[in-house]
Amino acid sequence: MTAPQNTGRLDAGPIDTGPLDAGRLGAGPLAAGAHAGLADPQDALRRLEALALSWELQARPLAPSGLALAGEGWSVDIHPAPGGLSLAAEAGDEAILRGLKEMTEAMLAGLSPEAAERLRWSDGARPGAPAADFREWTWIGRRNVLPGLDRLVFACPDAARYAAAPMHVRLLVPPCDGAAAEWPRQKANGGIAWPSGEAALATRVYTVRRADPVRGEIEVDAVVHGDDLLAGWAARARPGWRLGVLGPSGAPPPADGPLLAAADLSALPALARILAADPAREGLALAAAPPEAARYLAPPLGVTLRLAPPETGAEALADLFLEAAETALPACSAPARWWFAAEAAGVRRVRARLDALNVDRARRDCVAYWRA
Ligand SMILES: Cc1cc2nc3c(=O)[nH]c(=O)nc-3n(C[C@H](O)[C@H](O)[C@H](O)COP(=O)(O)OP(=O)(O)OC[C@H]3O[C@@H](n4cnc5c(N)ncnc54)[C@H](O)[C@@H]3O)c2cc1C
């Protein structure tokens, strides 16, 4: 976790938004503690703070002499303790907790590789075992759902785990077609050993469009744009091939207040899940997508759907969204919930405008889904 990954939150640095056993998903924060053995705890704290700031993590002092690192859905409290530092990590889901441990290991390694190596977390680790939120999905097949968007279907006996929020996963695409891949393994210190060299995995974040626990199936809708890794893998895949999966993780669908949302094709699956989450939702949704997207998105009656041509650029989509949302704003019956997910340039434009409008950061998600 270079800094917890994707979604501008834990999946985006060390995610992206990325997760636990199914029984604990959504059951409240997960916690783990550890002691890092360091000769000069005060100096280590100062260096950790500087490192956190350089990673653009939020850091604030903790009384009496500690440091708190925090982001959406996670925190790490650090206090001087005899012979080192005491660490207390809390996370909204298993993927985030894993990411926090990876991040902590990486930060400590910068101070003292030995301290990082000796780190042990209170919730235990099974060295050599798969990461706690790791699963394999088995390829079933694909079909087209919209121009430019293909549905990839996987078998997963544990599908219930992906049926509720959070809605994103990190797919691990192996270098070897169809053969047994090497997957990430837990290290004793809470870090993750990633396959390297010829066994290195390519990873991409996607939204689970639908999980069917009865059939044991997962659907992911992927943009097909030419040189994409996943569609390329899917084009070669034969039934029985496997992908690795970490997660789910990231933000739950924004649930509170009238919705002001916009998406490009890559964020259409997430927008569809947000719209499906609350049939009584009011608001506005804009999508740069073909006309068939109206059926795909199936917005609730209270949400006005507008479609822009699929080829609309990210900045043009941002401008269309801001104009429509600001027009709709006065009619909102409660503080609005803003959600914009598309290519990075559009996201920058929306963020800047929402800053200028002083929109509370807790009431907005502006997430770069890809970069041109
Ligand atoms: C939280 C989250 C959820 C996401 N959910 C989905 C999802 O459900 N479905 C989905 O399709 N994507 C989704 N994405 C976006 C997806 O992760 C990126 O598009 C990813 O980079 C795709 O990898 P790639 O191998 O296709 O392209 P990359 O290896 O990232 O890039 C290769 C080339 O393809 C271009 N490119 C990448 N993505 C696109 C695109 N969408 N359209 C046009 N050109 C592109 C790049 O600019 C680059 O030139 C999500 C991203 C995030 C952060």
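Small disclaimer: the values here were computed from a predicted structure and weren't measured.

Visitor: Residue-level account of the site of the ligand, with values.
Guide: Around the ligand sit 25 residues in total, of which Thr207, Val223, Asp228, Leu229 and Trp370 are the nearest. Counting only elements with at least two residues in the shell around the ligand, the list comes to strand E11 (202–207), strand E13 (217–223), helix H5 (268–277) and strand E19 (364–370). For the shell around the ligand, the element with the highest residue contribution is E11, accounting for four residues. A class-by-class count of the residues in the shell around the ligand yields eleven nonpolar, eight polar and six charged. For the shell around the ligand, the two domains that each supply at least three residues are domain 2 (134–249) and domain 3 (259–370).

Visitor: Quick rundown of the domain arrangement of the protein? Include the residues and the values.
Guide: The domain boundaries assigned to the protein delineate domain 1 (22–118), domain 2 (134–249) and domain 3 (259–370). With centres defined by C-alpha atoms, the gap from domain 1 to domain 2 works out at 29 Å. On the side of domain 2, 14 residues touch domain 1, which itself brings twelve residues to the contact. Elements that contribute at least two residues to the side of domain 1 that touches domain 2 include exactly helix H2 (94–111) and helix H3 (113–118). The element contributing the most residues to the side of domain 1 that touches domain 2 is H2, with six residues.

Visitor: I'd like to hear about the environment of Asp177, residue by residue, with values.
Guide: Within the secondary structure, Asp177 is located in the loop between strand E8 (168–173) and strand E9 (185–186). Given 11 C-beta atoms within a 10 Å radius, Asp177 is considered exposed. The sequence separation of Asp177 and Ala235 amounts to 58 residues, and the corresponding C-alpha distance is 11 Å.

Visitor: Explain the nonpolar core to me, and be specific about the residues and the numbers.
Guide: Membership of the largest hydrophobic core comes to 100 residues, with the highest contact counts inside it found for Ala263, Leu268, Leu271, Ala285, Ala287 and Phe340. Looking at which element gives the most residues to this core, the answer is H2, with seven residues. With residues up to four places along the chain from it excluded, the contact list for Ala263 reads Leu268, Ala270, Leu271, Ala287, Ala341 and Ala342.

Visitor: Kindly report on the sheet that holds E19, identifying the contributing residues and their values.
Guide: As summarised here, the arrangement of the five strands in space is E17-E16-E15-E18-E19, forming an open sheet in which the pairing is parallel. Looking along the sheet, the strands with just one partner apiece sit at the ends: strand E17 (303–308) and E19. Taken pair by pair, the neighbouring strands of this sheet meet at an average axis angle of 10°, ignoring direction. Taken together, the six bridges between strand E18 (residues 337–343) and E19 define a ladder with parallel strand orientation.

Visitor: Got a sec to walk through the sheet that holds strand E5 (residues 84–91)? Specific residues and values, please.
Guide: If you trace the five strands from one edge of the open sheet to the other, you get E1-E5-E4-E3-E2, paired in antiparallel fashion. In the strand order of this sheet, the two ends are held by strand E1 (30–37) and strand E2 (58–62), each with one partner. Averaged over all pairs of adjacent strands, the angle between strand axes in this sheet comes to 20°, irrespective of strand direction. For strand E3 (residues 66–71) and strand E4 (residues 74–81), the ladder comprises five bridges, and the chain directions are antiparallel. Across the sheet, Leu69 pairs through a bridge with Val76, a residue of E4. Of the strands in this sheet, E2, E3, E4 and E5 touch helix H1 (residues 41–54), which is tilted by about 155° from E4.

Visitor: Quick rundown of helix H7 (residues 314–328)? Include the residues and the values.
Guide: For H7, with 15 residues, the first-to-last C-alpha span of 21 Å sits near the 21 Å given by 1.5 Å per residue. If you check which residues of H7 are buried, you get Ala314, Leu317, Ala318, Phe321, Leu322 and Ala325. In an axial view of H7, the angular spread of the buried residues amounts to 130°, which keeps them on one side of the axis. Exposed side of H7, more than 90 degrees from the buried face: Glu323 and Thr327 are the residues found there. Structurally, H7 contributes buried residues whose contacts are with strand E15 (259–263), strand E16 (283–288), E17, E18 and helix H8 (344–356).

Visitor: Give me the lowdown on H2, citing residues and values where you can.
Guide: In this model, H2 (18 residues) spans 26 Å end to end at C-alpha, consistent with the 26 Å of a helix rising 1.5 Å per residue. Burial runs high along H2: 14 of the 18 residues are buried.

Visitor: Give me the lowdown on the packing of H7 against H8, citing residues and values where you can.
Guide: Close contact between H7 and H8 brings their axes to 7 Å; oriented N to C, the two are set at 30°. In this structure, H7 crosses over H8, and the sense of that crossing is right-handed. Here H7 contributes Ala314, Glu315, Leu317, Ala318, Phe321 and Leu322 to the contact with H8, which in turn contributes Ala345, Gly346, Arg349, Val350 and Arg353. The residue inventory of the contact of H7 with H8, partitioned by class, reads seven nonpolar, one polar and three charged.

Visitor: Provide a residue-level description of the pairing of E13, including the pertinent values.
Guide: Residues in a regular strand point their side chains to alternate faces of the sheet. Where burial is concerned, most of E13 is hidden: six out of the seven residues are buried. In this sheet, E13 lies alongside strand E7 (residues 149–155) in antiparallel orientation, the contact comprising seven bridges. Bridged to Ala155 within E13 is Glu217. As judged from the three bridges shared by strand E12 (residues 210–212) and E13, these two strands associate in the antiparallel manner. Within E13, the residue paired with Ala211 across the bridge is Ile218.

Conventions we followed
- Residues numbered from 1 in each chain as written.
- Predicted model: local features only at pLDDT ≥ 70, side-chain atom pairs only at ≥ 80, totals over all residues.
- Near = placed C-beta within 6 Å.
- Helix = DSSP H or I, 4+ residues; strand = E, 2+ residues; numbered from the N terminus.
- Nonpolar A, V, L, I, M, F, W, Y, C, P; charged D, E, K, R; others polar.
- Domains from an automatic or database assignment.
- Contact = placed C-beta atoms within 7 Å.
- Buried ≥ 20, exposed ≤ 12 C-beta atoms within 10 Å, placed from the backbone.
- Core = buried A, V, L, I, M, F, W, Y, C linked by C-beta atoms within 7 Å.
- Pairing = 2+ DSSP bridges.
- Axes fitted to C-alpha atoms, helices over the stretch in contact; angles between N-to-C directions.
- Expected span 1.5 Å × (residues − 1).
- Arc of directions from axis to C-beta.
- Left-handed = near helix turned anticlockwise from the far one by under 90°.

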